[in-house]
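Chain residues, written in single-letter form:
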Amino acid sequence: ETGVTQTPRHLVMGMTNKKSLKCEQHLGHNAMYWYKQSAKKPLELMFVYNFKEQTENNSVPSRFSPECPNSSHLFLHLHTLQPEDSALYLCASSQDLGAPTEQYFGPGTRLTVT
Amino acid sequence: GESVGLHLPTLSVQEGDNSIINCAYSNSASDYFIWYKQESGKGPQFIIDIRSNMDKRQGQRVTVLLNKTVKHLSLQIAATQPGDSAVYFCAEKPGGFKTIFGAGTRLFVKA
């Protein structure tokens with residue numbers, strides 16, 4: 001595998017379920033990100049990790065809980081979500097946090113909350 | 001406030017023609033700009049970037065122009081092909097680690 005991978009690609013969950021999204025990067029990068037992509041809205045940054053340490057929590061509700069066990073893996077734990085949380089969740093990585101450095105994105109997890 | 005916006009949500013071009021996708025940004029402190037392409041079912045993919053000390057940068061079939069006076073960014077795609085059909089995002093980095101993305105322009109290429 002190369003680049004940034006995400007599993008699962010699609011997820012349907014009820015509001016009382018608990019699920020986790022997984023992201024893995026094979027690029028040797030130090031920074032990883034979670035974004036939310038909703039229809040007709042810009043990408044929304046949720047969390048940023050640099051060298052496994054969280055550097056940003058962009059006012060995300062506590063029903064979203066990130067975990068970064070090492071620089072290559074990033075998880076997003078989900079519990080008691082709302083229908084408005086249905087979206088495409090994108091993971092990205094970059095060599096470091098500063099500019100200039102582009103981010104490499106995974107294919108995303110399409111989440112539907114019923 | 002900070003914002004990155006796109007002039008047109010949809011652009012339709014004939015195959016073989018040149019495409020121009022425009023973007024306005026509001027933060028004059030931004031020193032790095034990026035264009036991403038997102039195809040259906042995929043995550044955004046880096047196309048080309050430009051630093052604020054430049055006004056033009058060329059890649060393979062793509063050119064990015066930066067006009068800091070009017071805070072305008074554009075992406076030009078030469079000889080547009082069906083494979084160029086996608087949503088294109090501009091993004092800016094106003095210092096630090098945050099990247100601010102625009103809403104996106106969908107490019108349709110007609111055969």
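Quick caveat: nothing in here was measured; it's all calculated off a predicted structure.

The rules behind these values
Residues numbered from 1 in each chain as written. Chains lettered and ligands numbered in written order. Predicted model: local features only at pLDDT ≥ 70, side-chain atom pairs only at ≥ 80, totals over all residues. Heavy atoms only, no water. Disulfide = S-S within 2.5 Å. Helix = DSSP H or I, 4+ residues; strand = E, 2+ residues; numbered from the N terminus. Buried < 20%, exposed > 50% of the residue type's maximum accessible area, 1.4 Å probe, protein only. Contact = heavy atoms within 4.5 Å. Core = buried A, V, L, I, M, F, W, Y, C linked by side-chain atoms within 4.5 Å. Buried area = accessible area lost by both parts, 1.4 Å probe. Salt bridge = Lys/Arg side-chain N within 4 Å of Asp/Glu carboxyl O. Polar contact = N/O pair within 3.5 Å; in protein donor to acceptor, adjacent residues only side chain to side chain. Nonpolar A, V, L, I, M, F, W, Y, C, P; charged D, E, K, R; others polar. Lys, Arg positive; Asp, Glu negative; His and termini not counted. Pairing = 2+ DSSP bridges. Phe/Tyr/Trp six-rings, centres within 6.5 Å; stacked < 30°, edge-to-face > 60°.

A. Fine view of the state of the cysteines. Per the counting criterion, the structure on display carries two disulfides over all chains. At a sulfur-sulfur separation of 1.9 Å, the disulfide partner of A:C23 is A:C91. The S-S bond linking A:C23 to A:C91 shows a torsion near -70 degrees; that makes this disulfide left-handed. You can see A:C23 sitting in strand β3 (residues 18–25) and its partner A:C91 sitting in strand β9 (residues 87–94), a full 68 residues away along the chain. Comparing A:C23 with A:C91 shows no difference in burial state: the two are buried. Shown here is the disulfide that connects B:C23 with B:C90, its sulfur atoms set 1.8 Å apart. One disulfide, between B:C23 and B:C90, carries an S-S torsion of 55 degrees and so falls in the right-handed class. Of the two residues, B:C23 is situated in strand β3 (residues 19–25) and B:C90 in strand β9 (residues 86–93); the sequence distance between them amounts to 67 residues.

B. View of the environment of B:I20. As for its placement among the helices and strands, B:I20 is situated in strand β3. Residues contacting B:I20, with those up to four places away along its chain left out, are B:L11, B:S74, B:L75 and B:Q76.

C. Broad picture of the nonpolar core. Counting residues in each nonpolar core, the largest one holds 22 residues, and the members touching the most others are A:W34, A:F64, A:L76 and A:L78. Elements with a minimum of two residues in this core: β2 (10–13), β3, β4 (31–37), β5 (44–50), β7 (64–70), β8 (73–79), β9 and β11 (109–113) of chain A. One finds B:F33, B:I48, B:V62 and B:I77 within the second-largest nonpolar core, a separate group that totals 20 residues.

D. Inspection of the interface of chain A and chain B at higher detail. Every contact between the two is made by 22 residues of chain A and, on the other side, 20 residues of chain B. Interface area, chain A with chain B, both sides summed: about 1,700 Å², of which 59% is carbon and sulfur. Considering only the surface of chain A that becomes buried against chain B, A:P100, A:E102 and A:F105 emerge as the three largest contributors, covering 26% of it. For the interface between chain A and chain B, the tally reads zero salt bridges. Our count for the chain A to chain B interface comes out at five residue pairs in polar contact (both at pLDDT 80 or more). Sorting the residues of the side of chain A that touches chain B by element identifies β4, β5, β6 (53–57) and β9 of chain A as the ones contributing at least two each. Here the residues of the side of chain A that touches chain B are counted per class, giving twelve nonpolar, seven polar and three charged.

E. Representation of the side chain of A:E102 in the model. Mapping A:E102 onto the fold places it in the loop between β9 and β10 (104–105). Salt bridges are absent for the buried A:E102, whose nearest opposite-charge side chain, B:R57, sits at 7.7 Å. The contacts of A:E102, once residues within four sequence positions are left out, are A:S93, A:S94, B:Y32, B:Y36, B:F46 and B:D49.

F. Region of interest: the pairing of β6(A). Residue and element names in this part refer to chain A. The sheet contact formed by β5 and β6 spans four bridges and is antiparallel. Looking at the pairing, F47 lines up with N57 of β6. If you look at the hairpin formed by β5 and β6, you'll find two residues sitting between the two strands, and F51 has a positive phi there, around 50 degrees.

G. The arrangement of the packing of aromatic side chains in detail. All names here are of chain B. In total, this model carries nine aromatic pairs over all chains according to the counting rule given. Between Y36 and F46, the aromatic rings sit 6.5 Å apart at their centres with planes inclined by 80 degrees, giving edge-to-face as the arrangement. Pair noted here: Y36 is in strand β4 (residues 32–38) and F46 is in strand β5 (residues 45–51), with a separation of ten residues, a long-range link. Take Y36: its relative accessible area is 0%, and that puts it in the buried class.

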